[in-house]
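# Descriptive analysis of the structure
Residues per chain are reported as follows:
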Amino acid sequence: MLIDVINDLAFDGSEALVAQAESMAAPLARLKRRATAAGVPTIYINDNFGQWRSDFRRTVAHCTARSSPGHRVSTRLRPTARDYFVLKPKHSGFFDTTLDTLLENLRIRRVILTGVAGNICVLFTANDAYMREYKIFAPADCIASNTAADNDHALRQLKTVLKGDVAVSTRLKFRAKRPRTTRRR
């Protein structure tokens, strides 16, 4: 799950988060490529910015425009046609969204949580994932918060309270994609 990485990051005081997110974008892009190659589905979970007529394509176009402070992150992590997306009205990717249904349909029991802000939306989503008994992976180099202290606190919470694995992304190993077999009737 890539949480709020398609984001204009246009708010007062966003400079610190922009810098943290730009550093996080490269390892996250590499992790996404490895996961995709292994057949792991990618789900973008994004704020709808209070626009109840949200269109994810329009959000991507807005956030990748050079006028958006977060355009480098959004451009580097731009979704592909194969990716899933869920628009969220609040902090958690689970609250009032279709995420539960999507994960059930994909038969997902383990989640990799990445994105911004680690101490807010990533942590809220992780809390809800934990309460739904998902195994949580939250690669430390693929999560960004406004400050290093905020990020460290979020990672400690993920590890100690939510029993998540916060090893860096290069430590995550994916199984080779198994071909599906078809049964004859």
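Residues numbered from 1 in each chain as written. Predicted model: local features only at pLDDT ≥ 70, side-chain atom pairs only at ≥ 80, totals over all residues. Heavy atoms only, no water.

### Quick word on the sheet that holds strand β5 (residues 114-116)
Definition in use: When DSSP finds two or more bridges between a pair of strands, those strands are recorded as paired. Each helix corresponds to a stretch of at least 4 residues labelled H or I by DSSP, and each strand to a stretch of at least 2 residues labelled E; elements are numbered beginning at the N terminus. We call two residues contacting when some pair of their heavy atoms lies within 4.5 Å. For helices, the fitted axis covers only the stretch in contact; all axes are lines through C-alpha atoms, and the angles between them, taken along N-to-C directions, range from 0 to 180 degrees.
Read across the sheet, five strands follow the order β3-β2-β1-β5-β7 without closing on themselves; strand pairing throughout is parallel. For this open sheet the edge positions go to β3 (84-88) and β7 (143-144), each flanked by a neighbour on one side alone. As paired strands, β5 and β7 are joined by two bridges and run parallel to one another. Each bridged residue has a counterpart across the sheet, and for Val116 the counterpart in β7 is Ala144. Sitting on the sheet, helix α5 (residues 118-131) is in contact with β1 (2-3), β3, β5 and β7, with an inclination near 140° to β5.

### Description of helix α1 (residues 15-37)
To keep it simple, the criterion reads: In this analysis, the expected span of each helix is defined as 1.5 Å times one less than the number of residues it contains. To get the bend at any residue, fit one axis to the seven residues that end at it and another to the seven that begin at it, then take the angle between the two axes. Exposure categories follow from relative accessible area, calculated using a 1.4 Å probe and restricted to protein chains: below 20% of the type maximum is buried, above 50% is exposed, and the middle band is partly exposed.
Between its first and last C-alpha atoms α1 spans 33 Å; for 23 residues at 1.5 Å apiece the expected length is 33 Å, and the two agree. At Ala25, α1 shows its strongest bend, of approximately 35°, with the proline Pro27 following within four residues. Of all the positions in α1, only Leu17, Val18, Ala21, Met24, Ala25, Ala26, Pro27, Leu28, Ala29, Leu31, Lys32 and Ala35 are classed as buried. Contacts made by the buried residues of α1 are with β1, β2 (43-47), α3 (71-76), β4 (110-112), β5 and β7. Following α1 by one or two positions, Gly39 has its phi on the positive side, about 85°.

### A few points about the packing of aromatic side chains
Inclusion rule: Planes of paired rings set the category: under 30 degrees apart is stacked, over 60 is edge-to-face and the rest tilted, where pairs are Phe, Tyr or Trp rings (Trp by its six-membered ring) whose centres lie within 6.5 Å. Only Lys NZ and Arg CZ are tested; either one counts as a charge over a ring when it is within 6 Å of the ring centre and within 35 degrees of the ring normal.
Inspection of the entire model under this criterion finds three aromatic pairs. Ring geometry for Tyr44 versus Phe56: centroids 6.2 Å apart, planes at 50°, classification tilted. With Tyr44 in strand β2 and Phe56 in helix α2 (residues 56-64), the pair connects residues that are 12 residues apart, well separated along the chain. Like Tyr44, the residue Phe56 is buried in the burial classification. Here the aromatic residues Tyr44, Phe56 and Phe85 are joined through ring pairs into a cluster of three or more. The ring of Tyr134 has Arg109 sitting right over it, with the charged end atom 4.4 Å from the ring centre.

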